[in-house]
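Given next are the chains, with one letter for each unit.
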Amino acid sequence: MTQTRLVLLTPLTGDGLQRLAHAFGDDVQIEVIRDLSGLHAVDFNRETTLVSFGSGVIVPANILARLHKPAYNMHAAIPAFPGRDAHHHAIYHKSDVYGATLHVMTARIDDGPIVGIETFQVVAGTKPSELLSQANEAGFRLVERLGRQLLDAEPPPALSGVAWGAEKTRRSDLVRLCQLTPLVTKEEFSHRYLAFDGEAYDNLTVELHGHLFRIDKTPRSPEDTTAFADFTEAGFRALLLALKASNYRFVSYGEPCSDRHVIWRHDVDFSMHRAAKLAEIEAEEGVRATYFVNPHCTFYNLLEPEIMRLVARIRSLGHEIGLHFDAGSYDVQHWEQPELDGALTRERALLEAILDAPVRTVSWHNPDLANLLDFDADEIGGLVNAYGAALRRDYAYCSDSNGYWRFKPMAEVIAAGHPKLHLLTHPAWWTSESMAPSARIDRAILGRAQAVRRDYDALLAQAGRRNITK
């Protein structure tokens, strides 16, 4: 009588190999094969069963045709994740269940009848190597449960109602998801780092100008940003509190007043999101300010739904919206009063149409790059001029232009006790944590680009269209 014979296609050695072999019984002749060339050399007789466990070798159709008994593969994943690198994709898709699948081999990968499944719950934060190890352990349990049945001439009955997932992953799918762009969000990067990189893996890459870079996992020392510690949300609130403690009253442009007061102005040059955040802080402290917005701004578009929502949010908090006039958007080398009045009238009408509310103030954007400072009337083009002569003469002024104090720190100006203050801040500089001004601009630019990308992806998903990346 011919002895039952088992060919194990596996990289296992030592205790793991002994455990796998023991699942089939001590009376079975076992031959261990490591690679495809060894598999081609096997003489498959009528009593030979082929079982693949943890091997990356794809068994060719011509070898399967030589078998008299079914061949089996232990796929270290549940049926929902057929194909390559399933443990990575399961973490990326946040699967809360994982395990191992035992199936009959066919000419197509992960396509044959499923004869056994062993599952477990996935703990949040599980790493790919941990998930693969747990799946292999589930595979051991599966083979230990079904081992002897796999030696029969007919396979165990296929599981009813269990089917392979529709998306069979290839190595190219992992490579695609590991290719990051500068538009990747912090949250998406962290998620892909957990799913595809970390530990011994070096999968994540960034391509810049035709060169491919792999992610360096060397820990970085925190950047020293103490020089910019003033410019945080906490620092902004501290300035408001200092003004309130010194009994300054927050007033609007053109409002008559004789007591100690401050006109607080924001020129929104880069980030409407930061402007809305500062507006909320001001509202929490019971103060009001004027936000000057630029219809020609390249960092935001006043007609975008998200920007319109943020401007409406600022207004709803009790703040005023003014016109931030950008002379650089015109092909005018030297402004004259009539043409400036005409431009202001047009932009005011545009802004009022967007806001569906009156606009009564104007501030200049980069006035020193044109001759706008020559126009120092307290009212110009029907608008209160934030650079009017009376304001420049009678008020102590302080600005955070370009992310640093160009004259004195604002806290010192407030502490000096001037009865009339005119204070200018640019919301983009005031973030939750301190950072260099250039880094804040990068943040504003990338944040906008990422939002546009998300909108594009969401639109394709909503329309049920393909989002082709390669």
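My aim in this report is to walk through the structure given alongside it, one point at a time.

What counts and how
Residues numbered from 1 in each chain as written. Predicted model: local features only at pLDDT ≥ 70, side-chain atom pairs only at ≥ 80, totals over all residues. Heavy atoms only, no water. Phe/Tyr/Trp six-rings, centres within 6.5 Å; stacked < 30°, edge-to-face > 60°. Helix = DSSP H or I, 4+ residues; strand = E, 2+ residues; numbered from the N terminus. Buried < 20%, exposed > 50% of the residue type's maximum accessible area, 1.4 Å probe, protein only. Expected span 1.5 Å × (residues − 1). Pairing = 2+ DSSP bridges. Core = buried A, V, L, I, M, F, W, Y, C linked by side-chain atoms within 4.5 Å. Contact = heavy atoms within 4.5 Å. Axes fitted to C-alpha atoms, helices over the stretch in contact; angles between N-to-C directions. Parallel < 35°, antiparallel > 145°, perpendicular 65-115°, else oblique. Left-handed = near helix turned anticlockwise from the far one by under 90°. Nonpolar A, V, L, I, M, F, W, Y, C, P; charged D, E, K, R; others polar.

## Comments concerning the packing of aromatic side chains
So, step 1. With the rule as written, the count across this model stands at 18 aromatic pairs.
So, step 2. On the basis of an interplanar angle of 55 degrees and a centroid distance of 5.0 Å, the ring pair of Phe-231 and Trp-430 is categorised as tilted. On the criterion of sequence distance, the pair formed by Phe-231 in the loop between β9 (211-214) and α8 (233-245) and Trp-430 in the loop between β18 (420-425) and α14 (437-463) is long-range, its members being 199 residues apart. Of the two residues examined, Phe-231 and Trp-430, each falls in the buried class.
So, step 3. A centroid spacing of 5.5 Å and a plane angle of 85 degrees characterise the contact between Phe-236 and Trp-264, whose relative ring orientation is edge-to-face. Taken as a pair, Phe-236 in helix α8 and Trp-264 in strand β11 (residues 261-268) lie far apart in primary sequence, 28 residues in all.
So, step 4. Residue class for Phe-236 comes out buried when judged on its relative accessible area of 0%.

## Focus: α14
So, step 1. For α14, spanning 27 residues, the distance from its first C-alpha to its last is 39 Å, which sits close to the expected 39 Å at 1.5 Å a residue.
So, step 2. Inspection of α14 places Pro-437, Arg-440, Ile-441, Ala-444, Gln-450 and Leu-460 among the buried residues, and these make up the whole buried set.
So, step 3. Just past α14, the residue Gly-464 takes up positive phi, approximately 70 degrees.

## Thoughts on unusual backbone geometry
So, step 1. If you check the backbone angles, Asp-85 has positive phi at about 55 degrees while not being a glycine.
So, step 2. Following the sequence through the fold, Asp-85 ends up in the loop between β4 (71-75) and α4 (86-92).
So, step 3. Judged by its relative accessible area of 11%, Asp-85 is buried.
So, step 4. Even without being glycine, His-209 reaches a positive phi, approximately 50 degrees.
So, step 5. Here His-209 is to be found in the loop between β8 (205-208) and β9.

## Remarks on the pairing of β9
So, step 1. In terms of strand pairing, β8 meets β9 through four bridges, oriented antiparallel. Its bridge partner being in β9, Leu-208 is matched across the sheet by His-211.
So, step 2. Following β8, the chain reverses through two residues before pairing antiparallel with β9; His-209 in that reversal takes a positive phi of roughly 50 degrees.

## Considerations on the nonpolar core
So, step 1. Counting residues in each nonpolar core, the largest one holds 68 residues, and the members touching the most others are Trp-264, Met-272, Phe-325, Trp-364 and Leu-423.
So, step 2. Discounting residues that sit within four places of it in the chain, Trp-264 has contacts with Phe-236, Leu-239, Leu-240, Leu-243, Phe-250, Glu-282, Arg-288, Ala-289, Thr-290, Met-410, Leu-423 and Thr-425.
So, step 3. Judged by nonpolar contacts, the second largest core, of 44 residues, contains Met-74, Ile-91, Ala-135 and Ala-195.

## Thoughts on the packing of helix α9 (residues 272-284) against helix α10 (residues 305-316)
So, step 1. At their nearest, the axes of α9 and α10 sit 9 Å apart, and the two run at 20 degrees to each other. Our classification of the angle between α9 and α10 gives roughly parallel. Where α9 crosses over α10, the two elements pack in a sense that is left-handed. Residues Met-272, His-273, Ala-275, Ala-276, Ala-279 and Glu-280 of α9 form the contact with α10, whose own contacting residues are Glu-306, Ile-307, Leu-310, Val-311, Arg-313 and Ile-314.
So, step 2. For the contact of α9 with α10, the per-class residue count stands at eight nonpolar, one polar and three charged.

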